[in-house]
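Summary of the model geometry
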Amino acid sequence: SIDTASLLKIATNFDYLESLNLSGNQIAAATIPDEISRLSHLRSLNISSTRLEGFIPEGIASLSKLEVLDMANNMLVGKLPEFGGFGKVTNINLSGNGFEGTVPAQYGSLSSLVE
């Protein structure tokens, strides 16, 4: 099991990390730390089915090299974040969460998005 402190260590100590896959790990009562936006070289982030809860931090939109984002099957809530800065993203999976509201118009301008 992974906790929030471990996620913070990853986000603050691995500046050049390109891929982070924690899918299927039980991250007990944890939220996505704001510091995730420090991973500026991140191309793939898979934190699906990890029991994360709360909101997606706004800073995640600053990950301009991100190509794959999978946060499916967690307990994330709130409005879908605006991912206008994701020029290279090809895949986004946010299904199986408790989001509310409409899909932001910026999703339609993600020219590389295939899934």
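Here is a short report on the structure shown in this document. For clarity, every value in this text was computed on a predicted model and none was experimentally measured. (Residues numbered from 1 in each chain as written. Predicted model: local features only at pLDDT ≥ 70, side-chain atom pairs only at ≥ 80, totals over all residues. Heavy atoms only, no water.)

**Some thoughts on the overall build of the protein chain**
Here is the rule we go by: We count a stretch as a helix when DSSP gives it H or I for four or more residues in a row; a strand needs E for two or more, and each element gets its number in order from the N terminus. Computation of the radius of gyration draws on C-alpha atoms alone. For the globule rule, the value is 2.2 Å times the number of residues to the power 0.38. The classification of residues rests on relative accessible area computed with a 1.4 Å probe and restricted to protein chains. Under 20% of the type maximum is buried, over 50% is exposed, and intermediate values are partly exposed. Contacts between residues were defined by any pair of non-hydrogen atoms, one from each residue, lying within 4.5 Å. Charge assignment in this entry is limited to Lys and Arg as positive and Asp and Glu as negative, and neither His nor the chain termini are counted. Where a charge sits is defined by one atom per residue type, namely NZ (Lys), CZ (Arg), CG (Asp) or CD (Glu).
Looking only at helices and strands, the protein chain has 1 helix and 7 strands in total. Counting helices and strands in the order they occur from the N terminus, the protein chain gives α-β-β-β-β-β-β-β. Over its C-alpha trace the protein chain gives a radius of gyration of 13 Å, about what one expects of a compact globule, namely 13 Å for 115 residues. Structurally, the protein chain occupies a C-alpha span of about 35 × 30 × 20 Å along its principal axes. Looking at the protein chain as a whole, 38% of its 115 residues qualify as buried. Once local pairs closer than 6 in sequence are excluded, the contacts in the protein chain between residues at least 24 apart make up 46%. Measuring between centres, the 7 positive side-chain charges of the protein chain sit 5 Å from its 12 negative side-chain charges.

**With respect to the pattern of salt bridges**
Counted only if it meets this: A carboxyl oxygen of Asp or Glu within 4 Å of a side-chain nitrogen of Lys or Arg is what we treat as a salt bridge.
Using the criterion set out here, one finds 2 salt bridges in the structure. With its nearest N and O atoms 3.9 Å apart, the salt bridge here joins Arg 43 to Glu 18. With Arg 43 in the loop between strand S1 (19–21) and strand S2 (44–46) and Glu 18 in the loop between helix H1 (4–13) and S1, this pair connects stretches of sequence that are 25 residues apart. A relative accessible area of 30% means that Arg 43 is categorised as partly exposed. Taking the shortest distance from any N to any O, the salt bridge between Arg 43 and Glu 67 comes out at 3.5 Å. Placement of Arg 43 in the loop between S1 and S2 and of Glu 67 in the loop between strand S3 (53–54) and strand S4 (68–70) is noted, with a sequence separation of 24 residues between them.

**Some remarks on the sheet that holds strand S5 (residues 75–79)**
Stated formally: When DSSP finds at least two bridges between two strands, those strands are taken to pair.
Taken together, 3 strands build an open sheet; the order of strands is S3-S5-S7 and the sheet is parallel. Both outer strands of the open sheet, S3 and strand S7 (98–100), are each paired with one neighbouring strand and no more. Of the strand pairs in this sheet, S3 and S5 are connected by 2 bridges, and their pairing is parallel. Bridged to Gly 54 within S5 is Leu 76.

**Section: unusual backbone geometry**
For residues that are not glycine, phi is negative in most cases, and the peptide bond is trans in most cases. Residue Arg 51 is not a glycine yet carries a positive backbone phi of 70°. Residue position: Arg 51 is located in the loop between S2 and S3. For Asn 73, which is not a glycine, the phi torsion comes out positive at approximately 60°.

**What about the sheet that holds strand S6 (residues 91–93)?**
This is how the line gets drawn: Note on definitions: angles span 0 to 180 degrees between N-to-C directions of axes, and those axes are lines fitted to C-alpha atoms, for helices only across the stretch in contact.
If you trace the 4 strands from one edge of the open sheet to the other, you get S1-S2-S4-S6, paired in parallel fashion. The strands lining the two open edges of the sheet, one partner per strand, are S1 and S6. Averaged over all adjacent pairs, the angle separating strand axes in this sheet is 10°, with direction ignored. Pairing geometry for S4 and S6, over 3 bridges, is parallel. Looking across to S6, one finds that Asp 70 is bridged to Asn 93.

Interpretation note: all reported values are geometric properties and have no functional meaning in isolation.
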